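# Structure at a glance
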Amino acid sequence: MGYLFFQPQNAHRVEVDGRQLLFHVPTTSLFEIDRLDSDVIDLFQDRSKVSEGDVRDRFEGRADPALVTERLKALLDLDIITDGGPPRAERPPVHIQNFPLTTIVLNVNTGCNLSCTYCYKEDLDTPTNSRRMAFETAKRSIELLLAESPDRDSYNVVFFGGEPLSNLGLIREVVAYSEDRFGSLGKKVDFSLTTNATLLTEENVDWLNAHRFGLTVSMDGPKALHDRNRKTVGGKGTYDVVARKTKMLLERYTSRPVGGRVTLTHGVTAVYDIWDHLKNEIGFHEVGFSPVTSGPIAPFNLTGDELVTVFQEMKRLGRHYRDEALFGRNIGFSNMHQLMSDLYEGRSKALPCGAGLGMLAVDHEGGLNLCHRFTGSDMETYGSVDSGIEKQKLARFIEDRADRTDKGCSTCRIRNICAGGCYHESYAHFSDPMKPTYHYCDLMRDWVDFGIGVYGELIAGAPAFFSDHIMPRRAYGK
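Residues numbered from 1 in each chain as written. Predicted model: local features only at pLDDT ≥ 70, side-chain atom pairs only at ≥ 80, totals over all residues. Heavy atoms only, no water.

Filter applied, for reference: UniProt positions are given in the numbering used here, feature names are shortened, and annotations may be inferred rather than shown by experiment.
Going by the annotation in an unreviewed UniProt entry, the name recorded for the protein is Quinohemoprotein amine dehydrogenase maturation protein, with Roseibium sediminicola given as the source organism. UniProt, in its Cofactor (unreviewed entry) section for the protein, records the words "[4Fe-4S] cluster".

Okay, here's the thing in structure tokens:
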């Protein structure tokens, strides 16, 4: 053979309880490897290029040459080593020809009845600032969804704000129109909504239940932490009313599990304690955490040290997730569960999410935004519900963002899990959605390494957890 060359960007080794695991980056696959595999990889890590003589010198008298040849072939097949030929493309360049919309997000009201300190919303108490979506705008949004993806069997309509329940009249109109419109075509429509819970009543909970809404409640933890930032317009903490209304919701709501969403800001980093309160005392089915590193009000962004603490806390809760999962129990830590799902399903992502492709967000004026986080921002829109999608412009954005040339992502070991990170996080931090989320790359790599270790333990010690709690897929190692 000629020289062989190592491609470290395609392989990452993790040790779990004395077992060596190889994470194959291009396919997001995990393999258990033996000592010989590890020794072969060590040889390539020791040298910039490896000759037949180098292989013979390293393994002669130590391993069967046929076995060594077999392992080299496997590494060549995985593109972990190469013979120096033309580089193998990990995937074809992203080229957008159509927009297979499945989800439309309706920003039904820019205002909110609360005045959370870290939020840049516009108060409902100022009518000139609070702008509600009109029914005709919502109706045209539904028609856009159908026009762009006429052959789908099911669709998603998401209501967002501000506080969406402050425009419940519109939501009721949209649900009635959508159920009739999609139903007449023999198609299904699914509704979801994120709320601060303060406007929930038994009547509207029962209505939401009848229409099988997917519900998420924004709540930041126990009273002291929640009341720190989530306040009324008069400056009073909202924990008592939110906890009371949420417990009423959880008692009455039977159609689907209800999740909690936590915003982690400066001074709010106690992930484990927050999860424990929201899951075990309030009763949410699952709890997800959103660290704020690039919010529009700088004093509420997590500091670098706080972000480190957040990830340490997430790993602490992740270990509890693992311990319970070994007994077949899912504790409802959605960040960890999503990572386990990504690894189990072998998801290799070219794009961080479906924003701009499978999902668009409509602002109160009918403008088409990449996602709900961009509504009301200075970021350019991509058409409107009246004029349609500016497809060439939107395709160019998605294609350019997916291009990893000359970006740190091109050789990053988590590139196909992170895919450059959230567009809005980049926009908020760098004023440029084209840049990957470089400001927390190291922490994300550490988090994924931790997840790979947990996944390795679970797949060995409790494989049924995945078939019971995550959709089945191909076997371990694929």
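### Comments concerning the overall build of the protein
Selection criterion: In this text, helices come from DSSP runs of H or I with a minimum length of four residues, and strands from runs of E with a minimum of two, each type numbered from the N-terminal end. Radius of gyration here uses only the C-alpha atoms, and the compact-globule reference equals 2.2 Å multiplied by the residue count raised to the power 0.38. Contact between two residues is taken to exist if any of their heavy atoms lie within 4.5 Å; hydrogens are not considered. Computed by Shrake-Rupley with a 1.4 Å probe, the accessible areas treat only the displayed protein chains as cover when residues are assessed. The convention is simple: Lys and Arg are positive, Asp and Glu are negative, and His and the chain ends are not counted. Taken as the charge centre is NZ of Lys, CZ of Arg, CG of Asp or CD of Glu, depending on the residue.
Across its full length, the protein carries 16 helices and 17 strands. For 478 residues, the compact-globule estimate of 2.2 N^0.38 gives 23 Å, and the C-alpha radius of gyration of the protein, at 25 Å, lies within 12% of that figure. When the backbone C-alpha atoms are referred to their principal axes, the protein occupies close to 80 × 50 × 45 Å. Partitioning the intrachain contacts of the protein with sequence separation of at least 6 by distance along the chain shows that 69% fall at a separation of at least 24. Split by element, the accessible area of the protein, about 21400 Å² in all, is 48% carbon and sulfur. Of note, the protein has its 56 positive side-chain charges centred 1 Å away from the centre of its 66 negative side-chain charges.

### Structural notes on empty space enclosed by the protein
Sizing a probe to match a water molecule and rolling it over the atoms shows the empty space that remains. Spelled out, the test is: Put plainly, a pocket is an open set of points on a 1 Å grid over the protein atoms alone with protein on both sides within 12 Å along at least five of seven lines, a cavity is a set where a 1.4 Å probe fits but cannot get out, and a lining residue has an atom within 4 Å of a point. Grid points are joined across faces, edges and corners, and a volume is the space filled by probe spheres set on the points. Just so you know the grouping, Ala, Val, Leu, Ile, Met, Phe, Trp, Tyr, Cys and Pro go in nonpolar, Asp, Glu, Lys and Arg go in charged, and all remaining residues, Gly too, go in polar.
One pass over the structure, following the stated rule, counts 2 cavities of 30 Å³ or more. Counted as a void, the largest cavity has a volume near 60 Å³. Here the residues of the lining of the largest cavity are counted per class, giving 8 nonpolar, 1 polar and 4 charged.

### Some words on helix α12 (residues 391-402)
One turn of an α-helix holds 3.6 residues; hence residues three or four places apart share an orientation. Note the following rule: Expected span, for any helix, means 1.5 Å times one less than how many residues it has. Any residue under 20% of the maximum accessible area for its type is buried, any over 50% is exposed, and the rest in between are partly exposed; the area is computed with a 1.4 Å probe on protein chains only. The arc in question is the one traced by the directions running from the helix axis out to the C-beta atoms.
An ideal rise of 1.5 Å per residue puts 16 Å on 12 residues; α12 measures up with 16 Å between its terminal C-alpha atoms. Of the residues making up α12, those classed as buried are Leu394, Ala395, Phe397, Ile398, Arg401 and Ala402. Angularly, the buried residues of α12 cover 160° about the axis, an arc narrow enough to put them on a single face. Considering only its buried residues, α12 is in contact with β14 (359-362), β17 (388-389) and α14 (423-430).

### Quick look at the pattern of salt bridges
Selection criterion: Every case where a carboxyl oxygen of Asp or Glu lies within 4 Å of a side-chain nitrogen of Lys or Arg is listed as a salt bridge.
Counted under the stated rule, the structure contains 33 salt bridges. Salt-bridge contacts for Asp240 lead to Lys223; the nearest nitrogen and oxygen are separated by 3.2 Å. Separated by 17 residues along the polypeptide, Asp240 in helix α8 (residues 239-252) and Lys223 in helix α7 (residues 223-229) bring together distant segments of the chain. Among the ionic pairs, Asp449 bridges to Arg413, the shortest N-O distance being 2.8 Å. You can see Asp449 sitting in helix α15 (residues 441-461) and its partner Arg413 sitting in the loop between α12 and α13 (415-418), a full 36 residues away along the chain. Residue Asp449 is classed as buried on the basis of its relative accessible area, which comes to 19%. Judged by relative accessible area, which is 26%, Arg413 ranks as partly exposed.

### Considering the packing of helix α6 (residues 202-210) against α8
Which entries qualify depends on this criterion: The angle between two axes is taken between their N-to-C directions and runs from 0 to 180 degrees, where each axis is a line fitted to C-alpha atoms and a helix contributes only its stretch in contact. For classification purposes, angles smaller than 35 degrees are called roughly parallel, those larger than 145 roughly antiparallel, those between 65 and 115 roughly perpendicular, and all remaining angles oblique. Handedness of a crossing is defined here by the sense of rotation of the near helix relative to the far one, left-handed for an anticlockwise turn of less than a right angle and right-handed for a clockwise turn.
Close contact between α6 and α8 brings their axes to 10 Å; oriented N to C, the two are set at 40°. Taken together, the axes of α6 and α8 are oblique relative to one another. The chirality of how α6 crosses α8 is right-handed. Contacts from Glu202, Val205, Asp206 and Asn209 in α6 reach Met248, Leu249 and Arg252 in α8. A per-class count over the contact of α6 with α8 returns 3 nonpolar, 1 polar and 3 charged.

### Regarding unusual backbone geometry
Excluding glycine, most residues fall at negative phi; most peptide bonds, likewise, are trans. Cis rather than trans, the peptide bond between Gly161 and Gly162 has omega equal to 20°. Looking at the secondary structure, you find Gly162 in the loop between β9 (154-160) and α5 (168-184). Located in the positive-phi region is Asp17, a residue other than glycine, with phi close to 50°. With respect to the helices and strands, the residue Asp17 is situated in the loop between β2 (11-16) and β3 (19-24). Notably, Asp79 is not glycine yet its phi reads approximately 65°, a positive angle.

### Let's talk about the environment of Gln20
The test is simple: Two N or O atoms form a polar contact when they lie within 3.5 Å of each other; inside protein one atom must be a possible hydrogen donor and the other a possible acceptor, and for residues adjacent in sequence the pair counts only when both atoms belong to side chains.
Locating Gln20 in the fold gives a position in strand β3. With sequence-adjacent residues up to four places away left out, Gln20 is seen in contact with Arg13, Val14, Glu15, Phe31, Glu32, Ile33 and Ser38. Side-chain polar atoms of Gln20 contact the side chain of Glu15, separated by 3.3 Å.

### Describing the sheet that holds β9
Rules: Only when DSSP finds a minimum of two bridges between them are two strands counted as paired.
With mixed pairing, 8 strands are arranged side by side in an open sheet as β13-β12-β11-β10-β9-β6-β14-β15. Taken across any chain shown, the strands that pair with only one partner, and hence form the sheet edges, are β13 (286-291) and β15 (368-369). Here strand β6 (residues 103-107) runs beside β9; their pairing, made up of 5 bridges, is parallel. Pairing of Ile104 across the sheet is with Val157, part of β9.

### A closer look at the sheet that holds strand β4 (residues 29-33)
Strand order in this open sheet of 3 strands is β2-β3-β4, and the pairing throughout is antiparallel. Edge positions in the sheet fall to β2 and β4, since each has one partner strand and no second. Within the sheet, the average angular offset between the axes of one strand and its neighbour, ignoring direction, is 30°. Here 6 bridges tie β2 to β3, and the two strands are oriented antiparallel to one another. Note on β3: the bridge partner recorded for Arg13 is Leu22.

### Let's talk about the layout of surface pockets
One number sums up the size of the second largest pocket: a volume of about 760 Å³. Surrounding the second largest pocket, 32 residues form its lining, Arg88, Ala89, Glu90, Arg91 and Arg415 being those nearest its centre. Among the secondary structure elements, those contributing two or more residues to the lining of the second largest pocket are α3 (65-77), β5 (81-82) and α12.

### Some points on the packing of aromatic side chains
Heads up, the condition is: Two aromatic rings, drawn from Phe, Tyr or Trp (for Trp, its six-membered ring), form a pair once their centres lie within 6.5 Å of each other, and the interplanar angle then sorts them: stacked below 30 degrees, edge-to-face above 60, tilted otherwise. Whether a charge lies above a ring is judged from NZ of Lys or CZ of Arg, which has to be within 6 Å of the ring centre and within 35 degrees of the ring normal.
Counting across every chain of the model gives 17 aromatic pairs. Taking 5.7 Å as the distance between ring centres and 85° as the angle between the ring planes, the aromatic pair formed by Phe465 and Phe466 counts as edge-to-face. Since its relative accessible area comes to 1%, Phe465 is described here as buried. What makes Phe466 buried here is its relative accessible area of 0%. One aromatic cluster is present, built from ring pairs that chain together Tyr321, Tyr344, Tyr455, Phe465 and Phe466. Arg172 extends its terminal NZ or CZ atom over the ring of Trp207, reaching a point 4.8 Å from the ring centre.

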